[in-house]
Amino acid sequence: MDSFEWNKIIGAVLGTAIFIFVVRVVAENIYEPEKPAKPGYVVEGVVETPAGGGGAAAPVAEALPDWGTVLAKADIAAGKATAAKCEACHDLSAAKTIKIGPPLFGVVDRARASIAGFAYSGELKGHPANWTYDELYKFLKSPGAYLPGTKMSFAGISKSDDRINLIAFLRSNTDAPAPIPAPKPAEAPAAAAPAAGAAPAADGAPVKGPNGPAAPPPAPKAN
Ligand code: HEC
């Protein structure tokens, strides 16, 4: 076989290889598996952490309180009691000592990840923001769900009222408390009464349920 013949054979082999390669690339593009927007099944109680940190699977947004209304009547003493949980890792005092976590004196409205000398996670450093009432409210519900990758290994405080009281305490725990915004105009009453209908009448009056009037109180026995 002369070299011309060999060239033809090599050419044929290369041509086939290129053909197979092109077919594969085209096929992959056509048949690329599509991820469903919603998972086919939802496991109750499992927090999904987005792999890329993209926040796509962020927890369902909770209505934010109207701080102008709730802060004025918050229970700061109850918030201080809740803050005992934080003290395992955070110094709350004006000494601003770094513990497992950064000091929290004056944390409201402070810039995120701004305590010099504390080794923050990339997650906290990478998303600049201020610790506004809203941010604290969302973060403290479930730190790991709101900022996946945070070093704060704390489950969170699920009850809205507990968080509001805690934030009211954090606001007071400083030399110069952050201002309380003006209450929002009452155009969204739905958010103000989350448990409407579920609350029993406090004064013991017969409750009219959705199924009509409740049974009348037992008549006094006539002797
Ligand atoms: C198990 C220890 C631990 C507990 C308990 C804890 N934290 Fe933290 N916290 C941390 C750590 C660690 C960080 C730093 C997070 C990072 O860098 O990702 C942090 C960060 C924070 C930040 C961000 C501060 C900044 O300078 O940006 C706030 C706000 C905060 N914690 C509030 C609280 C509150 C309020 C509580 C109590 C309800 C609490 N933490 C309970 C460990 C804890």
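Residues numbered from 1 in each chain as written. Predicted model: local features only at pLDDT ≥ 70, side-chain atom pairs only at ≥ 80, totals over all residues.

### Some points on the overall build of the chain
If you tally the helices and strands in the chain, you get eight helices and two strands. Along the chain, helices and strands appear, N-terminal first, in the series α-α-α-α-α-α-α-α-β-β. Expressed as a percentage of its 223 residues, the buried residues of the chain come to 15%. Sequence separation of 24 or more characterises 52% of the internal contacts of the chain that already satisfy a separation of 6 or more. (Helix = DSSP H or I, 4+ residues; strand = E, 2+ residues; numbered from the N terminus. Buried ≥ 20, exposed ≤ 12 C-beta atoms within 10 Å, placed from the backbone. Contact = placed C-beta atoms within 7 Å.)

### What to know about unusual backbone geometry
Excluding glycine, residues mostly have negative phi values, and the peptide bonds linking residues are mostly trans. The backbone phi angle of Lys96 is positive, close to 55 degrees, even though this residue is not glycine. Note that Lys96 resides in the loop between helix H3 (76–82) and helix H4 (122–126). Note on Lys96: 13 C-beta atoms within 10 Å, which makes it partly exposed. Although it is not a glycine, Asp109 sits at a positive phi angle of roughly 70 degrees. Within the secondary structure, Asp109 sits in the loop between H3 and H4.

### Details of the site of the ligand
Lining the immediate environment of the ligand, one finds 26 residues, of which Cys86, Cys89, Gly101, Ser121 and Met152 sit closest. Considering only residue class, the shell around the ligand consists of 16 nonpolar, six polar and four charged. (Near = placed C-beta within 6 Å. Nonpolar A, V, L, I, M, F, W, Y, C, P; charged D, E, K, R; others polar.)

### Details of the nonpolar core
Within the largest apolar cluster, 23 residues are counted, with the highest numbers of intra-cluster contacts made by Val108, Leu166, Ile167, Ala168 and Leu170. Contributions of two or more residues to this core are made by helix H2 (67–70), helix H5 (133–141) and helix H7 (160–172). Ranked by residues supplied to this core, first place goes to H7 with six residues. Apart from the residues within four sequence positions on either side, Leu166 is in contact with Gly79, Thr82, Ala83, Leu140 and Ile157. (Core = buried A, V, L, I, M, F, W, Y, C linked by C-beta atoms within 7 Å.)

### Observations concerning the confidence of the model for the chain
Note: predicted coordinates in regions of low pLDDT should not be interpreted at a detailed level. Looking at the chain as a whole, the pLDDT averages 81, with 69% of positions reaching at least 70. When the criterion is pLDDT under 50, residues 48–56 qualifies, and its contacts beyond four places in sequence or with other chains add up to eight contacts. (pLDDT = per-residue confidence, 0-100.)

### Quick look at H5
Turning to H5, its buried residues number three or more, namely Tyr133, Tyr137, Lys138, Phe139 and Leu140. In this fold, the buried residues of H5 make contact with H2, helix H6 (143–146) and H7.

### Overview of the environment of Ser158
Among the secondary structure elements, Ser158 is positioned in the loop between H6 and H7. As a C-alpha pair, Ser158 and Tyr137 span 21 residues in sequence and 10.0 Å in three-dimensional space.

### Overview of H7
Between its first and last C-alpha atoms H7 spans 18 Å; for 13 residues at 1.5 Å apiece the expected length is 18 Å, and the two agree. Buried within H7 are the following residues: Arg163, Ile164, Asn165, Leu166, Ile167, Ala168, Phe169, Leu170 and Arg171. If you follow the buried residues of H7, they end up packed against H2, H3 and H5. (Expected span 1.5 Å × (residues − 1).)

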